[in-house]
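What follows is each chain in one-letter form.
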Amino acid sequence: MDKADLYDVIVGPAITEKTSGASEHNQVVFDVAKTASKPEIKLAVEALFNVKVKAVNTLIRKGKTKRFKGIMGRRNDIKRAIVTLEEGQMIDVTTGL
């Protein structure tokens, strides 16, 4: 897999209060492409960050219906991957690549 393809799989880190709490359990949360599979996500994280991945869990967060200037709109659905790292491994998502 080409390095550009790996960046297409991982859209970016999901930085929220809840995801920063997951770091206590050796987990990192990423927004990923909707078509990405668990093995692709594992391969991309291991190649980009030079870490060993223990497990990958995915979820699709459905977009909310919101009103903007009186017009109803809908936010996009987002696929997230919760990546559990092996013991002793760490990714600092605040520094970037």
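Located above this text is the structure these notes cover.
The paragraphs below set out a description of the structure included in this document. (Residues numbered from 1 in each chain as written. Predicted model: local features only at pLDDT ≥ 70, side-chain atom pairs only at ≥ 80, totals over all residues. Heavy atoms only, no water.)

1. Remarks on the pairing of strand β5 (residues 71-74)
Summarising the sheet, strand β4 (residues 65-68) and β5 pair through 4 bridges and their orientation is antiparallel. Paired with Thr65 across the two strands is Arg74, which belongs to β5. Hairpin connection between β4 and β5: a loop of 2 residues separates the two successive antiparallel strands, and Lys69 in this loop has a positive phi of roughly 55°. (Pairing = 2+ DSSP bridges. Helix = DSSP H or I, 4+ residues; strand = E, 2+ residues; numbered from the N terminus.)

2. Some details on the side chain of Thr84
Tracing the chain through its elements places Thr84 in strand β6 (residues 78-85). Side-chain polar atoms of Thr84 contact the side chain of Gln27, separated by 3.3 Å. With sequence-adjacent residues up to four places away left out, Thr84 is seen in contact with Asn26, Gln27, Val53, Lys54 and Ala55. (Polar contact = N/O pair within 3.5 Å; in protein donor to acceptor, adjacent residues only side chain to side chain. Contact = heavy atoms within 4.5 Å.)

3. Observations concerning a positive patch on the surface
On the surface, Arg61, Lys64, Lys66 and Arg75 cluster together to form a positively charged patch. If you trace the backbone, Arg61 turns up in strand β3 (residues 53-61). (Patch = residues over 30% accessible without salt bridge, like charges linked within 9 Å, V, L, I, M, F, W, Y side chains within 5 Å. Areas by Shrake-Rupley, 256 points an atom, 1.4 Å probe, with all protein chains shown as cover. Salt bridge = Lys/Arg side-chain N within 4 Å of Asp/Glu carboxyl O. Lys, Arg positive; Asp, Glu negative; His and termini not counted. Charge placed at Lys NZ, Arg CZ, Asp CG, Glu CD.)

4. Some details on the sheet that holds β6
Hydrogen bonds between backbone atoms are what pair the strands of a sheet, whose relative direction is either parallel or antiparallel. Pairing within the open sheet is antiparallel, and its 4 strands lie in the order β1-β2-β6-β3. The sheet is open, and its two borders are formed by β1 (10-13) and β3, each paired with just one other strand. Across the sheet, the axes of successive neighbouring strands diverge by a mean angle of 30°, strand direction being ignored. Sheet topology places β3 next to β6; 8 bridges connect them, and they run antiparallel. Within β6, the residue paired with Val53 across the bridge is Leu85. Contacting β1, β2 (27-32), β3 and β6, helix α3 (residues 38-49) runs over the sheet at an angle of about 120° to β3. (Axes fitted to C-alpha atoms, helices over the stretch in contact; angles between N-to-C directions.)

Treat this as a map of the structure, not an account of what it does.
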